[in-house]
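Summary of structural features
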Amino acid sequence: MSERKHEEVLYSSFQNTEEGKKELYEYSKKKILEGQPQTNYNSLTKLPALRLFFYEAGEIIRAKPEQKYAVLVMDITQFKAVNEFLGRSEGDRLLRFIGECLAEYVRSRPDTAASHVRADNFCLFTSYREKGELAELAIDLKRRVEELPFAYRVILSIGICASEETEPAVNYLKDCAAIAMAEIKGKYYADYKFFSEDMRTKMLQEKQIESDVVGALKNGDIVPYIQPKVYMDTGEIVGGEALARWKYQGGLMRPDRFIPVIERNGMIIEVDRCIWEQVFRYQRKVMDEGRTPVPISINVSRMHIYDKNHMNDVLYGLRDKYRVPVEYIPLELTESAFAPGEDEIQGRMQKLREQGFIISMDDFGSGYSSLNMLKARELDEIKVDKEFMGDLDREKSRIVLKHLLAMLHELNVDIIVEGVETEAQRDFLLENNCRRAQGFLYYRPMPLDDFDALMKSGA
Ligand code: C2E
Ligand code: CA
Ligand code: CA
(Lines give C-alpha, C1' and ligand atoms only; values in the text may rest on other atoms or scores of the structure.)
(Ligands and ions follow the chains in the order given, each with its own letter.)
Protein backbone atom coordinates (compact mmCIF):
# COMPACT_ATOMS: atom_id res chain seq x y z
CA MET A 1 0.00 0.00 0.00
CA SER A 2 1.37 3.45 -0.81
CA GLU A 3 2.25 5.70 2.10
CA ARG A 4 -0.56 8.09 1.27
CA LYS A 5 -3.17 5.39 0.90
CA HIS A 6 -1.96 3.87 4.13
CA GLU A 7 -2.45 7.12 5.97
CA GLU A 8 -5.94 7.56 4.63
CA VAL A 9 -6.88 4.15 5.89
CA LEU A 10 -5.30 4.97 9.20
CA TYR A 11 -7.23 8.23 9.48
CA SER A 12 -10.44 6.55 8.49
CA SER A 13 -10.04 3.89 11.09
CA PHE A 14 -10.32 6.50 13.82
CA GLN A 15 -13.78 6.88 15.16
CA ASN A 16 -15.60 10.06 15.94
CA THR A 17 -14.46 9.85 19.56
CA GLU A 18 -12.48 12.16 21.81
CA GLU A 19 -9.64 9.70 21.80
CA GLY A 20 -9.74 9.31 18.04
CA LYS A 21 -9.67 13.05 17.49
CA LYS A 22 -6.78 13.59 19.84
CA GLU A 23 -4.82 10.72 18.37
CA LEU A 24 -5.31 11.99 14.85
CA TYR A 25 -4.27 15.48 15.81
CA GLU A 26 -1.13 14.29 17.52
CA TYR A 27 -0.31 11.96 14.64
CA SER A 28 -0.72 14.74 12.07
CA LYS A 29 1.38 17.13 14.09
CA LYS A 30 4.15 14.61 14.58
CA LYS A 31 4.22 13.73 10.89
CA ILE A 32 4.26 17.36 9.86
CA LEU A 33 7.15 18.17 12.12
CA GLU A 34 9.05 15.11 10.93
CA GLY A 35 8.35 15.53 7.25
CA GLN A 36 10.11 17.54 4.62
CA PRO A 37 8.21 20.81 4.25
CA GLN A 38 7.56 20.08 0.58
CA THR A 39 5.85 16.76 1.30
CA ASN A 40 3.19 18.66 3.15
CA TYR A 41 2.04 20.26 -0.09
CA ASN A 42 0.87 18.97 -3.42
CA SER A 43 3.55 19.85 -5.94
CA LEU A 44 1.09 20.77 -8.69
CA THR A 45 -1.46 22.90 -6.89
CA LYS A 46 0.59 23.87 -3.82
CA LEU A 47 -2.39 23.01 -1.66
CA PRO A 48 -1.78 21.17 1.61
CA ALA A 49 -1.61 17.40 1.50
CA LEU A 50 -4.10 15.51 3.61
CA ARG A 51 -2.20 15.33 6.87
CA LEU A 52 -1.40 19.05 6.91
CA PHE A 53 -5.06 19.69 6.10
CA PHE A 54 -6.18 17.60 9.07
CA TYR A 55 -3.71 19.44 11.24
CA GLU A 56 -4.85 22.87 10.09
CA ALA A 57 -8.51 21.98 10.47
CA GLY A 58 -7.79 20.63 13.94
CA GLU A 59 -6.11 23.94 14.86
CA ILE A 60 -9.12 25.90 13.63
CA ILE A 61 -11.50 23.80 15.71
CA ARG A 62 -9.31 24.14 18.79
CA ALA A 63 -9.28 27.90 18.42
CA LYS A 64 -13.05 28.18 17.97
CA PRO A 65 -14.69 25.06 19.33
CA GLU A 66 -18.14 26.66 19.54
CA GLN A 67 -18.61 26.96 15.76
CA LYS A 68 -20.19 24.48 13.36
CA TYR A 69 -17.95 22.94 10.70
CA ALA A 70 -18.33 21.13 7.41
CA VAL A 71 -16.17 19.23 4.94
CA LEU A 72 -16.75 19.27 1.19
CA VAL A 73 -15.06 16.66 -0.96
CA MET A 74 -15.02 16.80 -4.71
CA ASP A 75 -13.74 15.11 -7.75
CA ILE A 76 -14.08 15.41 -11.47
CA THR A 77 -16.40 13.06 -13.30
CA GLN A 78 -14.34 11.24 -15.93
CA PHE A 79 -11.05 12.91 -15.11
CA LYS A 80 -9.27 10.04 -16.81
CA ALA A 81 -11.01 10.99 -20.04
CA VAL A 82 -9.78 14.58 -19.72
CA ASN A 83 -6.22 13.32 -19.50
CA GLU A 84 -6.69 10.85 -22.32
CA PHE A 85 -8.38 13.16 -24.78
CA LEU A 86 -6.72 16.47 -24.02
CA GLY A 87 -3.38 15.36 -22.63
CA ARG A 88 -1.72 15.56 -19.25
CA SER A 89 -0.93 19.26 -19.47
CA GLU A 90 -4.60 20.16 -19.93
CA GLY A 91 -5.48 17.83 -17.05
CA ASP A 92 -2.91 19.63 -14.92
CA ARG A 93 -4.28 23.01 -15.97
CA LEU A 94 -7.70 21.96 -14.77
CA LEU A 95 -6.38 20.71 -11.44
CA ARG A 96 -4.41 23.93 -10.92
CA PHE A 97 -7.54 25.93 -11.62
CA ILE A 98 -9.54 24.02 -9.03
CA GLY A 99 -6.62 24.41 -6.64
CA GLU A 100 -6.70 28.20 -7.17
CA CYS A 101 -10.44 28.36 -6.54
CA LEU A 102 -10.02 26.49 -3.28
CA ALA A 103 -7.06 28.65 -2.26
CA GLU A 104 -9.22 31.68 -2.84
CA TYR A 105 -11.93 30.35 -0.54
CA VAL A 106 -9.28 29.76 2.09
CA ARG A 107 -8.26 33.43 1.80
CA SER A 108 -11.76 34.89 1.61
CA ARG A 109 -13.71 32.72 4.05
CA PRO A 110 -12.93 32.67 7.75
CA ASP A 111 -11.79 29.41 9.34
CA THR A 112 -11.28 27.50 6.14
CA ALA A 113 -8.68 24.99 4.97
CA ALA A 114 -8.26 23.07 1.73
CA SER A 115 -6.41 20.02 0.51
CA HIS A 116 -5.45 18.40 -2.76
CA VAL A 117 -5.79 14.80 -1.65
CA ARG A 118 -4.62 13.02 -4.78
CA ALA A 119 -5.24 13.00 -8.54
CA ASP A 120 -8.55 14.81 -9.05
CA ASN A 121 -9.65 14.55 -5.46
CA PHE A 122 -9.89 17.70 -3.32
CA CYS A 123 -11.45 18.69 -0.03
CA LEU A 124 -12.40 21.84 1.77
CA PHE A 125 -13.00 22.39 5.47
CA THR A 126 -14.94 25.42 6.58
CA SER A 127 -17.04 26.87 9.37
CA TYR A 128 -20.68 27.60 8.62
CA ARG A 129 -23.85 28.94 10.16
CA GLU A 130 -26.54 27.76 7.73
CA LYS A 131 -26.45 24.75 5.43
CA GLY A 132 -27.60 27.03 2.61
CA GLU A 133 -24.22 28.75 2.77
CA LEU A 134 -22.53 25.44 1.96
CA ALA A 135 -24.85 24.74 -0.93
CA GLU A 136 -24.04 28.19 -2.33
CA LEU A 137 -20.35 27.46 -1.97
CA ALA A 138 -20.74 24.21 -3.89
CA ILE A 139 -22.76 25.88 -6.64
CA ASP A 140 -20.25 28.71 -6.91
CA LEU A 141 -17.36 26.29 -7.30
CA LYS A 142 -19.19 24.21 -9.87
CA ARG A 143 -20.08 27.32 -11.85
CA ARG A 144 -16.47 28.53 -11.91
CA VAL A 145 -15.17 25.20 -13.08
CA GLU A 146 -17.84 24.89 -15.73
CA GLU A 147 -17.11 28.39 -17.02
CA LEU A 148 -13.42 27.67 -17.41
CA PRO A 149 -12.62 27.75 -21.14
CA PHE A 150 -11.85 24.11 -21.75
CA ALA A 151 -12.36 21.72 -24.62
CA TYR A 152 -14.31 19.30 -22.48
CA ARG A 153 -17.40 19.70 -20.33
CA VAL A 154 -16.03 19.34 -16.86
CA ILE A 155 -18.39 18.17 -14.17
CA LEU A 156 -17.56 18.32 -10.53
CA SER A 157 -19.23 15.95 -8.06
CA ILE A 158 -19.36 17.44 -4.59
CA GLY A 159 -20.24 15.67 -1.35
CA ILE A 160 -20.85 17.72 1.78
CA CYS A 161 -20.93 16.69 5.40
CA ALA A 162 -22.18 19.49 7.66
CA SER A 163 -21.69 18.60 11.29
CA GLU A 164 -24.21 19.73 13.86
CA GLU A 165 -21.95 18.71 16.71
CA THR A 166 -19.29 20.84 18.25
CA GLU A 167 -15.71 19.78 17.74
CA PRO A 168 -16.30 17.09 15.15
CA ALA A 169 -13.55 14.74 13.98
CA VAL A 170 -12.45 16.08 10.62
CA ASN A 171 -11.49 12.70 9.19
CA TYR A 172 -14.96 11.45 10.02
CA LEU A 173 -16.56 14.42 8.27
CA LYS A 174 -14.38 13.74 5.26
CA ASP A 175 -15.39 10.08 5.12
CA CYS A 176 -19.06 11.02 5.36
CA ALA A 177 -18.72 13.67 2.64
CA ALA A 178 -17.08 11.03 0.45
CA ILE A 179 -20.06 8.72 0.99
CA ALA A 180 -22.38 11.53 -0.11
CA MET A 181 -20.22 12.21 -3.15
CA ALA A 182 -20.27 8.56 -4.18
CA GLU A 183 -24.07 8.76 -4.32
CA ILE A 184 -24.00 11.29 -7.15
CA LYS A 185 -20.83 10.34 -8.93
CA GLY A 186 -21.44 9.87 -12.60
CA LYS A 187 -24.91 11.39 -12.47
CA TYR A 188 -24.78 14.05 -15.06
CA TYR A 189 -27.07 16.67 -13.66
CA ALA A 190 -26.49 16.26 -9.95
CA ASP A 191 -24.74 19.21 -8.34
CA TYR A 192 -23.84 18.28 -4.84
CA LYS A 193 -25.18 16.08 -2.12
CA PHE A 194 -25.37 16.46 1.64
CA PHE A 195 -24.50 13.47 3.75
CA SER A 196 -27.40 11.98 5.70
CA GLU A 197 -27.58 9.28 8.34
CA ASP A 198 -29.54 7.10 5.90
CA MET A 199 -26.49 6.99 3.67
CA ARG A 200 -24.40 5.88 6.57
CA THR A 201 -26.86 3.13 7.44
CA LYS A 202 -26.89 2.01 3.84
CA MET A 203 -23.12 2.01 3.70
CA LEU A 204 -22.88 -0.03 6.89
CA GLN A 205 -25.40 -2.52 5.57
CA GLU A 206 -23.39 -2.82 2.37
CA LYS A 207 -20.20 -3.36 4.31
CA GLN A 208 -22.02 -6.05 6.27
CA ILE A 209 -23.11 -7.76 3.07
CA GLU A 210 -19.59 -7.60 1.71
CA SER A 211 -18.19 -9.27 4.76
CA ASP A 212 -20.99 -11.82 5.21
CA VAL A 213 -20.89 -13.15 1.67
CA VAL A 214 -17.80 -15.26 2.24
CA GLY A 215 -19.42 -17.18 5.09
CA ALA A 216 -22.66 -17.47 3.15
CA LEU A 217 -20.87 -19.19 0.28
CA LYS A 218 -19.16 -21.55 2.67
CA ASN A 219 -22.41 -22.44 4.43
CA GLY A 220 -24.37 -22.94 1.23
CA ASP A 221 -26.71 -20.05 2.03
CA ILE A 222 -26.68 -18.76 -1.54
CA VAL A 223 -28.95 -20.89 -3.69
CA PRO A 224 -30.57 -20.72 -7.10
CA TYR A 225 -34.30 -20.19 -7.37
CA ILE A 226 -35.68 -21.23 -10.72
CA GLN A 227 -38.23 -19.26 -12.68
CA PRO A 228 -39.81 -21.36 -15.43
CA LYS A 229 -40.02 -20.09 -19.00
CA VAL A 230 -43.12 -21.11 -20.90
CA TYR A 231 -44.82 -21.29 -24.26
CA MET A 232 -47.70 -18.93 -23.69
CA ASP A 233 -50.09 -20.67 -26.06
CA THR A 234 -49.76 -24.12 -24.49
CA GLY A 235 -48.44 -23.33 -21.02
CA GLU A 236 -45.65 -25.86 -21.52
CA ILE A 237 -42.46 -25.23 -19.55
CA VAL A 238 -39.60 -24.86 -22.02
CA GLY A 239 -36.82 -23.86 -19.70
CA GLY A 240 -35.89 -21.99 -16.59
CA GLU A 241 -33.63 -19.26 -15.30
CA ALA A 242 -31.52 -19.58 -12.17
CA LEU A 243 -31.84 -16.52 -9.94
CA ALA A 244 -29.66 -16.18 -6.87
CA ARG A 245 -31.27 -16.01 -3.44
CA TRP A 246 -29.42 -15.56 -0.17
CA LYS A 247 -30.79 -17.13 3.02
CA TYR A 248 -30.02 -14.25 5.31
CA GLN A 249 -31.02 -13.54 8.91
CA GLY A 250 -34.05 -15.78 8.77
CA GLY A 251 -35.32 -14.42 5.44
CA LEU A 252 -34.40 -14.47 1.78
CA MET A 253 -32.41 -11.65 0.31
CA ARG A 254 -33.14 -10.65 -3.28
CA PRO A 255 -30.25 -10.18 -5.69
CA ASP A 256 -31.04 -6.50 -6.25
CA ARG A 257 -29.83 -5.90 -2.73
CA PHE A 258 -26.61 -7.87 -2.78
CA ILE A 259 -25.47 -8.25 -6.39
CA PRO A 260 -24.63 -4.57 -7.00
CA VAL A 261 -22.66 -4.59 -3.72
CA ILE A 262 -20.66 -7.72 -4.43
CA GLU A 263 -20.04 -6.61 -7.99
CA ARG A 264 -17.99 -3.80 -6.51
CA ASN A 265 -15.75 -6.03 -4.43
CA GLY A 266 -15.44 -8.83 -6.96
CA MET A 267 -17.25 -11.48 -4.91
CA ILE A 268 -19.89 -11.74 -7.63
CA ILE A 269 -17.49 -14.06 -9.43
CA GLU A 270 -17.62 -16.57 -6.58
CA VAL A 271 -21.37 -16.20 -6.22
CA ASP A 272 -21.97 -16.78 -9.92
CA ARG A 273 -19.78 -19.83 -9.84
CA CYS A 274 -21.60 -21.18 -6.85
CA ILE A 275 -24.96 -20.79 -8.62
CA TRP A 276 -23.58 -22.22 -11.86
CA GLU A 277 -22.30 -25.30 -10.08
CA GLN A 278 -25.65 -25.95 -8.41
CA VAL A 279 -27.39 -25.72 -11.78
CA PHE A 280 -24.93 -28.09 -13.48
CA ARG A 281 -25.33 -30.52 -10.58
CA TYR A 282 -29.09 -30.38 -10.85
CA GLN A 283 -29.07 -31.01 -14.60
CA ARG A 284 -26.82 -34.03 -14.00
CA LYS A 285 -29.26 -35.34 -11.42
CA VAL A 286 -32.16 -35.01 -13.87
CA MET A 287 -30.19 -36.92 -16.50
CA ASP A 288 -29.20 -39.59 -13.99
CA GLU A 289 -32.86 -40.09 -13.29
CA GLY A 290 -33.39 -40.78 -16.96
CA ARG A 291 -35.24 -37.57 -17.73
CA THR A 292 -34.41 -35.01 -20.38
CA PRO A 293 -33.62 -31.67 -18.78
CA VAL A 294 -35.10 -28.39 -19.97
CA PRO A 295 -32.42 -25.72 -20.41
CA ILE A 296 -31.84 -23.67 -17.25
CA SER A 297 -30.03 -20.46 -18.01
CA ILE A 298 -27.49 -18.87 -15.71
CA ASN A 299 -26.59 -15.21 -15.37
CA VAL A 300 -23.07 -14.12 -16.17
CA SER A 301 -21.87 -10.86 -14.64
CA ARG A 302 -19.65 -8.76 -16.87
CA MET A 303 -17.29 -8.55 -13.91
CA HIS A 304 -15.94 -11.92 -15.03
CA ILE A 305 -13.54 -10.13 -17.32
CA TYR A 306 -11.58 -9.20 -14.21
CA ASP A 307 -11.35 -12.81 -13.11
CA LYS A 308 -7.90 -14.31 -13.19
CA ASN A 309 -9.44 -17.80 -13.26
CA HIS A 310 -10.95 -17.49 -16.66
CA MET A 311 -14.74 -17.91 -16.66
CA ASN A 312 -14.50 -20.09 -19.76
CA ASP A 313 -12.26 -22.55 -17.94
CA VAL A 314 -14.68 -22.58 -15.05
CA LEU A 315 -17.57 -23.38 -17.38
CA TYR A 316 -15.59 -26.06 -19.25
CA GLY A 317 -14.60 -27.50 -15.88
CA LEU A 318 -18.22 -27.73 -14.78
CA ARG A 319 -19.25 -29.23 -18.10
CA ASP A 320 -16.60 -31.92 -17.80
CA LYS A 321 -17.18 -32.56 -14.11
CA TYR A 322 -20.93 -33.04 -14.49
CA ARG A 323 -20.94 -34.23 -18.12
CA VAL A 324 -23.88 -32.03 -19.01
CA PRO A 325 -24.41 -31.02 -22.66
CA VAL A 326 -23.90 -27.27 -22.65
CA GLU A 327 -27.08 -26.52 -24.54
CA TYR A 328 -28.84 -27.30 -21.26
CA ILE A 329 -27.12 -24.30 -19.65
CA PRO A 330 -27.66 -21.13 -21.73
CA LEU A 331 -25.75 -18.03 -20.64
CA GLU A 332 -27.55 -14.76 -20.02
CA LEU A 333 -25.42 -11.67 -20.33
CA THR A 334 -26.89 -8.25 -19.86
CA GLU A 335 -27.30 -6.03 -22.89
CA SER A 336 -24.66 -3.46 -21.92
CA ALA A 337 -22.00 -6.19 -22.09
CA PHE A 338 -22.61 -6.34 -25.85
CA ALA A 339 -21.80 -2.65 -26.33
CA PRO A 340 -18.86 -1.39 -28.36
CA GLY A 341 -15.77 -1.46 -26.18
CA GLU A 342 -16.84 -4.68 -24.49
CA ASP A 343 -14.71 -6.75 -26.83
CA GLU A 344 -13.01 -8.68 -24.09
CA ILE A 345 -16.17 -10.20 -22.66
CA GLN A 346 -17.51 -10.68 -26.18
CA GLY A 347 -14.37 -12.56 -27.17
CA ARG A 348 -14.93 -14.92 -24.27
CA MET A 349 -18.59 -15.37 -25.12
CA GLN A 350 -17.80 -16.17 -28.75
CA LYS A 351 -15.37 -18.87 -27.68
CA LEU A 352 -18.08 -20.33 -25.49
CA ARG A 353 -20.48 -20.16 -28.39
CA GLU A 354 -18.05 -22.14 -30.53
CA GLN A 355 -18.17 -24.77 -27.80
CA GLY A 356 -21.93 -25.00 -28.12
CA PHE A 357 -23.07 -22.69 -25.34
CA ILE A 358 -26.19 -20.67 -26.11
CA ILE A 359 -25.71 -16.94 -25.66
CA SER A 360 -28.67 -14.84 -24.66
CA MET A 361 -28.77 -11.05 -24.54
CA ASP A 362 -30.57 -10.13 -21.32
CA ASP A 363 -32.53 -6.93 -20.67
CA PHE A 364 -32.72 -6.08 -24.36
CA GLY A 365 -33.94 -2.52 -24.91
CA SER A 366 -33.05 -1.27 -21.43
CA GLY A 367 -30.00 0.68 -22.64
CA TYR A 368 -29.44 3.13 -25.43
CA SER A 369 -27.64 1.47 -28.25
CA SER A 370 -29.48 -1.83 -28.49
CA LEU A 371 -30.10 -1.72 -32.20
CA ASN A 372 -26.51 -1.17 -33.23
CA MET A 373 -25.39 -4.05 -31.09
CA LEU A 374 -27.71 -6.38 -32.97
CA LYS A 375 -25.80 -5.73 -36.15
CA ALA A 376 -22.39 -6.27 -34.65
CA ARG A 377 -22.74 -9.23 -32.32
CA GLU A 378 -23.33 -12.93 -32.73
CA LEU A 379 -25.93 -14.34 -30.38
CA ASP A 380 -28.67 -16.94 -30.14
CA GLU A 381 -31.42 -15.43 -28.05
CA ILE A 382 -32.79 -12.07 -27.06
CA LYS A 383 -34.62 -11.47 -23.82
CA VAL A 384 -36.81 -8.45 -24.23
CA ASP A 385 -36.59 -6.34 -21.09
CA LYS A 386 -39.52 -6.25 -18.68
CA GLU A 387 -39.71 -2.47 -19.03
CA PHE A 388 -41.57 -3.02 -22.29
CA MET A 389 -44.38 -4.78 -20.45
CA GLY A 390 -44.71 -1.93 -18.00
CA ASP A 391 -46.35 0.56 -20.33
CA LEU A 392 -48.08 -1.59 -22.93
CA ASP A 393 -51.34 0.21 -22.35
CA ARG A 394 -49.91 3.17 -24.25
CA GLU A 395 -50.48 3.09 -27.97
CA LYS A 396 -46.95 4.29 -28.75
CA SER A 397 -45.37 1.57 -26.65
CA ARG A 398 -47.41 -1.04 -28.47
CA ILE A 399 -46.21 0.29 -31.82
CA VAL A 400 -42.59 0.19 -30.71
CA LEU A 401 -42.80 -3.34 -29.36
CA LYS A 402 -44.73 -4.66 -32.32
CA HIS A 403 -42.08 -3.49 -34.78
CA LEU A 404 -39.26 -4.53 -32.53
CA LEU A 405 -40.60 -8.07 -32.40
CA ALA A 406 -41.05 -8.14 -36.18
CA MET A 407 -37.46 -7.05 -36.63
CA LEU A 408 -36.10 -9.62 -34.21
CA HIS A 409 -38.04 -12.33 -36.03
CA GLU A 410 -36.42 -11.28 -39.26
CA LEU A 411 -32.99 -11.35 -37.69
CA ASN A 412 -33.65 -14.97 -36.89
CA VAL A 413 -32.85 -14.96 -33.20
CA ASP A 414 -34.94 -16.69 -30.56
CA ILE A 415 -37.09 -14.28 -28.61
CA ILE A 416 -38.33 -14.42 -25.06
CA VAL A 417 -40.14 -11.67 -23.21
CA GLU A 418 -39.71 -11.23 -19.49
CA GLY A 419 -42.01 -9.64 -16.95
CA VAL A 420 -45.31 -10.89 -18.38
CA GLU A 421 -47.82 -10.27 -15.61
CA THR A 422 -51.23 -9.88 -17.26
CA GLU A 423 -53.42 -11.62 -19.77
CA ALA A 424 -53.56 -8.47 -21.86
CA GLN A 425 -49.78 -8.53 -22.19
CA ARG A 426 -49.87 -12.21 -23.10
CA ASP A 427 -52.53 -11.64 -25.77
CA PHE A 428 -50.59 -8.80 -27.32
CA LEU A 429 -47.41 -10.90 -27.50
CA LEU A 430 -49.19 -13.89 -29.01
CA GLU A 431 -50.80 -11.65 -31.63
CA ASN A 432 -47.28 -10.56 -32.56
CA ASN A 433 -45.95 -14.08 -32.94
CA CYS A 434 -44.05 -14.17 -29.73
CA ARG A 435 -44.59 -17.44 -27.92
CA ARG A 436 -41.99 -17.66 -25.21
CA ALA A 437 -42.22 -15.75 -21.96
CA GLN A 438 -41.14 -15.60 -18.36
CA GLY A 439 -43.27 -13.79 -15.83
CA PHE A 440 -45.43 -13.76 -12.74
CA LEU A 441 -48.52 -14.55 -14.84
CA TYR A 442 -47.08 -18.05 -15.12
CA TYR A 443 -44.60 -18.73 -12.35
CA ARG A 444 -42.55 -16.89 -9.79
CA PRO A 445 -38.98 -17.98 -9.09
CA MET A 446 -39.11 -21.07 -6.84
CA PRO A 447 -36.71 -23.30 -4.92
CA LEU A 448 -34.93 -25.94 -6.97
CA ASP A 449 -36.86 -28.73 -5.26
CA ASP A 450 -40.20 -27.14 -6.14
CA PHE A 451 -39.09 -26.72 -9.72
CA ASP A 452 -38.04 -30.34 -9.78
CA ALA A 453 -41.41 -31.45 -8.41
CA LEU A 454 -43.16 -29.28 -10.98
CA MET A 455 -41.19 -30.86 -13.82
CA LYS A 456 -41.87 -34.36 -12.50
CA SER A 457 -45.57 -33.59 -12.36
CA GLY A 458 -45.34 -33.14 -16.12
CA ALA A 459 -46.21 -29.47 -16.39
P1 C2E B 1 -32.73 -10.55 -14.57
O2 C2E B 1 -31.66 -11.44 -15.04
O3 C2E B 1 -33.33 -9.61 -15.55
O4 C2E B 1 -33.83 -11.51 -13.94
C5 C2E B 1 -35.21 -11.30 -14.06
C6 C2E B 1 -35.74 -10.61 -12.84
O7 C2E B 1 -37.12 -10.28 -13.09
C8 C2E B 1 -35.77 -11.52 -11.61
O9 C2E B 1 -35.55 -10.69 -10.47
C10 C2E B 1 -37.20 -12.04 -11.62
O11 C2E B 1 -37.65 -12.44 -10.35
C12 C2E B 1 -37.93 -10.80 -12.08
N13 C2E B 1 -39.22 -11.12 -12.69
C14 C2E B 1 -39.60 -12.26 -13.31
N15 C2E B 1 -40.85 -12.19 -13.75
C16 C2E B 1 -41.32 -10.97 -13.41
C17 C2E B 1 -42.58 -10.29 -13.60
O18 C2E B 1 -43.53 -10.80 -14.16
N19 C2E B 1 -42.66 -9.03 -13.11
C20 C2E B 1 -41.62 -8.42 -12.47
N21 C2E B 1 -41.79 -7.20 -12.03
N22 C2E B 1 -40.42 -9.03 -12.28
C23 C2E B 1 -40.28 -10.28 -12.75
P24 C2E B 1 -34.53 -11.10 -9.35
O25 C2E B 1 -34.55 -12.58 -9.10
O26 C2E B 1 -34.76 -10.17 -8.21
O27 C2E B 1 -33.12 -10.77 -10.00
C28 C2E B 1 -32.75 -9.46 -10.27
C29 C2E B 1 -31.49 -9.39 -11.09
O30 C2E B 1 -30.36 -9.83 -10.35
C31 C2E B 1 -31.52 -10.29 -12.31
O32 C2E B 1 -32.23 -9.66 -13.33
C33 C2E B 1 -30.04 -10.43 -12.61
O34 C2E B 1 -29.57 -9.30 -13.31
C35 C2E B 1 -29.44 -10.41 -11.23
N36 C2E B 1 -29.15 -11.80 -10.84
C37 C2E B 1 -29.96 -12.72 -10.24
N38 C2E B 1 -29.30 -13.86 -10.02
C39 C2E B 1 -28.04 -13.69 -10.47
C40 C2E B 1 -26.86 -14.52 -10.51
O41 C2E B 1 -26.82 -15.70 -10.09
N42 C2E B 1 -25.74 -13.97 -11.07
C43 C2E B 1 -25.73 -12.69 -11.55
N44 C2E B 1 -24.59 -12.22 -12.06
N45 C2E B 1 -26.80 -11.89 -11.53
C46 C2E B 1 -27.94 -12.38 -11.00
CA1 CA C 1 -31.26 -12.87 -16.52
CA1 CA D 1 -33.60 -9.49 -17.63
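Before reading on, note that the structure itself is shown above.
Below is a short write-up of the structure. (Residues numbered from 1 in each chain as written. Chains lettered and ligands numbered in written order. Predicted model: local features only at pLDDT ≥ 70, side-chain atom pairs only at ≥ 80, totals over all residues. Heavy atoms only, no water.)

What follows deals with the overall build of the protein. Secondary structure assignment for the protein yields 17 helices and 15 strands. When the backbone C-alpha atoms are referred to their principal axes, the protein occupies close to 80 × 50 × 40 Å. Per-residue burial over the protein gives 51% buried out of 459 residues. Sequence-distant contacts in the protein: of pairs separated by 6 or more residues, those separated by 24 or more amount to 68%. Here the protein has roughly 23,000 Å² of accessible surface; of this, 49% comes from carbon and sulfur atoms. Taken as two groups, the 65 positive and 77 negative side-chain charges of the protein have centres that lie 3 Å from each other. (Helix = DSSP H or I, 4+ residues; strand = E, 2+ residues; numbered from the N terminus. Buried < 20%, exposed > 50% of the residue type's maximum accessible area, 1.4 Å probe, protein only. Contact = heavy atoms within 4.5 Å. Areas by Shrake-Rupley, 256 points an atom, 1.4 Å probe, with all protein chains shown as cover. Lys, Arg positive; Asp, Glu negative; His and termini not counted. Charge placed at Lys NZ, Arg CZ, Asp CG, Glu CD.)

Trans is the prevailing form of peptide bonds, just as negative phi is the prevailing case for residues other than glycine. A positive phi angle, close to 50°, is found at Glu167, a residue other than glycine. As for its position among the elements, Glu167 is in the loop between strand 4 (156-162) and helix 7 (170-184). At Gln249, a position not held by glycine, the phi torsion is positive, near 45°. Relative to the helices and strands, Gln249 is located in the loop between strand 7 (237-248) and strand 8 (251-253).

Time to look at the environment of Glu418. Considering the arrangement of structural elements, one finds Glu418 in strand 13 (residues 414-418). Taking the C-alpha atoms as reference points, Glu418 and Phe440, 22 residues apart in sequence, are found 9.2 Å from one another.

Before going further, it helps to spend a moment on helix 9 (residues 255-264). Within the span of helix 9, buried status applies to Pro255, Phe258, Val261 and Ile262. For helix 9, the angular spread of buried residues about the axis comes to 155°, placing them on one side. Turned more than 90 degrees off the buried face of helix 9, the exposed positions are Asp256 and Arg264. Each element contacted by the buried residues of helix 9 is listed here: helix 8 (197-219), strand 7, strand 8 and helix 10 (268-288). Gly266 occupies a position one or two residues after helix 9 and carries a positive phi of about 85°. (Arc of directions from axis to C-beta.)

What tends to happen in soluble globular proteins is that the nonpolar side chains get buried as a cluster. Membership of the largest hydrophobic core comes to 81 residues, with the highest contact counts inside it found for Trp246, Leu331, Val384, Leu401, Leu408, Leu429 and Phe451. It is helix 10 that provides the largest number of residues to this core, a total of nine residues. Contact partners of Val384, with chain neighbours within four places excluded, come to Phe364, Leu401, Leu405, Leu408, Ile415, Ile416, Val417 and Glu418. Membership of the second largest hydrophobic core comes to 31 residues, among which are Leu94, Leu102, Ala114 and Ile158. (Core = buried A, V, L, I, M, F, W, Y, C linked by side-chain atoms within 4.5 Å.)

Inspection of the region around ligand 1 gives 24 residues, with Arg245, Arg254, Asp272, Glu421 and Phe440 positioned closest. For ligand 1, an oxygen atom lies 2.8 Å from a polar atom in the side chain of Arg254. In isolation ligand 1 exposes 800 Å². Once the protein is present, 87% of that is buried. By residue class, the composition of the shell around ligand 1 is nine nonpolar, five polar and ten charged. (Near = heavy atom within 4 Å. Polar contact = N/O pair within 3.5 Å; in protein donor to acceptor, adjacent residues only side chain to side chain. Nonpolar A, V, L, I, M, F, W, Y, C, P; charged D, E, K, R; others polar.)

We now examine the coordination of the calcium ion (ligand 2). Coordination of the calcium ion (ligand 2) by the protein is provided by Glu241 (OE), Asn299 (OD1), Glu332 (OE) and Asp362 (OD), with metal-donor distances spanning 2.2 to 2.4 Å. Read in sequence order, the donor residues for the calcium ion (ligand 2) give the motif E-x57-N-x32-E-x29-D. Here the calcium ion (ligand 2) and the calcium ion (ligand 3) are spaced 4.3 Å apart, with Asp362 acting as a shared donor. Linking Glu241 in strand 7 with Asn299 in strand 9 (residues 296-300), this pair joins segments that are 58 residues apart in sequence. The buried category is assigned to Glu241, whose relative accessible area is 4%. (Donors = N, O, S within 2.8 Å, 3.2 Å for Na, K, Ca; no water.)

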